[in-house]
Amino acid sequence: MENNEETYFETKCVHSGIKEYEYGPVVPPIYQTSTFKFKSAGHGAALFAGDEKGYIYTRMGNPTIEAMEDSVAELEGGHKALGCGSGMAAVHTVFATLTQTGDHVVCSNAIYGPTTTLLNSVMKRYGVHTTFVDASDIGEIENAVTKKTRIIYIETPGNPTLAIADIEAIAEIARRTGAYLVVDNTFMSPALQKPFEFGADIILHSMTKFLNGHADVIGGVIIVKDEETYCQFRKTLNQLGGVIDPFNSFLVHRGIKTLALRMERHCESAATIAEYLESHPAVAKVMFPGLPSHPQFELAQKQQKGPGGLISFELKGGCQAGRNLMDCVKLFQLAVSLGGVESLIQHPASMTHASMEKEVRLAAGITDGLVRLSIGIENVKDLLLDLEQGLEKVGKVRDEVII
Ligand SMILES: *Cc1c(COP(=O)(O)O)cnc(C)c1O
């Protein structure tokens, strides 16, 4: 038995965040209301003054949203969480809360495309400057930090190259410099990686992906470690207004109940498919943290409980072969996003990372021929058959437009 003091993770997935409600429902009710009645003028004033606990207005707090937030905070081992309207609302809220004009950010170059764009556009306009580095190289981070560095921002495994950043080593640099280490933990979910255990200061997620897991919600979340930081973030989120609504919170909270189960299947099937692809004659290279050929296989073993459900690979036929494969598969859905129960296939260079400048994209290892898979929970044999028939046709399809 690994922990007999604390409840097991699978159990927390089912029970976390749930409280007692009127009539005793097993599942938190959806409080689909924008505002809450005060019992008296004095009660309203006391709530606004913070002298009494309660709800005022849903942008500032709502029992359904709070139940989901408490669940995520518990799963990540944090103090409290803040539900956001999307992963990008969470990313923006983090930068808007922690930075001001003149501040510097050190950011991994293999991250979610729109996060790069946010830093290069809106944040830059507000005078916050970013240095992009290969976060799998500690030396690059070490060299990039300055006295003005306020945030070191990483995603690990990185998107879409699945390069891994050493959270513990980067947390040490952040501590020395007085910067916050922010980890976007979307690709792993708390089932596979706990950034707080390695010294991260702030965690965020696009709940659109594994946490909700059913490709039917857009949502994000920020998890913090203490009350002071929580209040600081809550204030900014109230002002920016990028909150999640009660119904989407309900759906995410429901999705979380099966998180541990789903992650097990995602990891198991992805490992099988990655091995299959690596041995396929049409495939040039596979990037998957569970393969011994991954450059940071050891590090993945240390900081991740599993390899995750994402695979990136390159075909020998390059970009055109990749595009042909996307048009030939039947079960894999040709769509961006990830972390849902259904398997997806996409082309980062022309889709999720198309907004990046070409040189920057190539420097981050996102080549023109890279294909990304998000492995769902279907029977892996069906997924293998689908790839098999697709790969067989690759090359046989007439070359059309080349990007
Ligand atoms: C999808 C994603 C985001 C953005 O989330 P949205 O919910 O689409 O706004 C941020 N980071 C990562 C790693 C993602 O995959």
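Participant: Just give me the short version of the site of the ligand, but keep the residues and values in it.
Facilitator: The immediate surroundings of the ligand are formed by 13 residues, with Gly87, Met88, Asp184, Thr208 and Lys209 found nearest. Between an oxygen atom of the ligand and a side-chain N or O atom of threonine 208, the distance comes to 2.6 Å. Alone, the ligand offers 380 Å² of accessible surface; in the complex the protein occludes 94% of this. Tallied by class, the residues present in the shell around the ligand amount to 4 nonpolar, 6 polar and 3 charged.

Participant: Just give me the short version of the confidence of the model for the chain, but keep the residues and values in it.
Facilitator: For the chain, per-residue confidence averages 94 on the pLDDT scale, and 97% of positions sit at 70 or higher. The least confident element of the chain is helix H15 (residues 358-363), whose mean pLDDT is 84; the most confident is strand E7 (residues 220-224), at 99. Taken together, the stretch residues 399-403 has pLDDT below 50 and engages in 9 contacts with residues farther than four places along the chain or on a different chain.

Participant: Pulling in residues and values, what's your account of the packing of helix H3 (residues 63-76) against helix H11 (residues 246-256)?
Facilitator: One can describe the packing of H3 onto H11 by two numbers: an axis separation of 8 Å at closest approach and a directional angle of 35 degrees. Note on packing geometry: the crossing formed by H3 with H11 is left-handed. On the side of H3, the interface is formed by Thr64, Ile65, Ala67, Met68, Ser71, Val72 and Leu75, while H11 contributes Pro246, Ser249, Phe250, Val252, His253 and Ile256. By residue class, the composition of the contact of H3 with H11 is 9 nonpolar, 4 polar and no charged.

Participant: Please provide a residue-by-residue account of the environment of asparagine 185, values included.
Facilitator: Inspection of the secondary structure assignment puts asparagine 185 in the loop between strand E5 (180-184) and helix H9 (189-192). Judged by its relative accessible area of 0%, asparagine 185 falls in the buried class. In this structure, the C-alpha to C-alpha distance between asparagine 185 and glycine 158, residues 27 residues apart in sequence, is 9.8 Å. Not counting residues up to four positions away in its chain, the partners in contact with asparagine 185 are Glu76, Pro190, Gln193, Pro195, Ile203, Leu204 and His205.

Participant: Kindly report on the pattern of salt bridges, identifying the contributing residues and their values.
Facilitator: Following the criterion strictly, the structure yields 13 salt bridges and no others. One salt bridge connects aspartate 103 with arginine 150, and the closest N-O pair in it is separated by 3.9 Å. Highlighted residues: aspartate 103 in the loop between helix H4 (87-98) and strand E2 (104-108) and arginine 150 in strand E4 (residues 149-155), separated in sequence by 47 residues. By relative accessible area, which is 13% here, aspartate 103 ends up buried. Note on arginine 150: relative accessible area 27%, which makes it partly exposed. We note a salt bridge from arginine 361 to aspartate 368, for which the minimum N-O separation is 3.1 Å. By relative accessible area, which is 7% here, arginine 361 ends up buried. Here aspartate 368 falls in the partly exposed class, since its relative accessible area comes to 25%. Three or more residues joined by partner-sharing salt bridges are found here, namely Glu142, Glu172, Arg175 and Arg176.

What counts and how
- Throughout this description, residue numbers start from 1 for each chain and increase along the sequence as written.
- Owing to the predicted nature of the model, reporting of local features is limited to residues with pLDDT of at least 70; listing and counting of side-chain atom pairs is limited to 80 or more, with chain, interface and lining totals taken over all residues.
- As a rule here, side-chain values cover all heavy atoms of the structure and leave hydrogens and water aside.
- Proximity criterion: a residue is near a molecule or strand once any of its heavy atoms comes within 4 Å of it.
- Counted as a polar contact is a pair of N or O atoms within 3.5 Å, where, for protein atoms, one must be capable of donating a hydrogen and the other of accepting one, and residues adjacent in sequence contribute only when both atoms are in side chains.
- Accessible surface is estimated by sampling points in the Shrake-Rupley manner with a 1.4 Å probe; for residues, cover comes only from the protein chains shown.
- Residue polarity is assigned by list, with Asp, Glu, Lys and Arg as charged and Ala, Val, Leu, Ile, Met, Phe, Trp, Tyr, Cys and Pro as nonpolar; anything else, Gly included, falls into the polar class.
- For every residue, the predictor states its confidence as a pLDDT score lying anywhere from 0 to 100.
- Per the convention used, a helix needs a DSSP run of H or I reaching at least four residues, while a strand needs a run of E reaching at least two, with both numbered from the N terminus.
- Contact definition: two residues touch when any of their heavy atoms are within 4.5 Å.
- Here, axes are lines fitted to C-alpha atoms. For helices the fit covers the stretch in contact, and angles between N-to-C directions go from 0 to 180 degrees.
- The crossing is said to be left-handed when, going from far helix to near helix, the turn is anticlockwise and less than a right angle, and right-handed when the turn is clockwise.
- Note on classification: 1.4 Å probe, protein chains only; a residue is buried when its accessible area is under 20% of the maximum for its type, exposed when over 50%, partly exposed between these limits.
- Each salt bridge in this description consists of a side-chain nitrogen of Lys or Arg and a carboxyl oxygen of Asp or Glu lying within 4 Å of one another.

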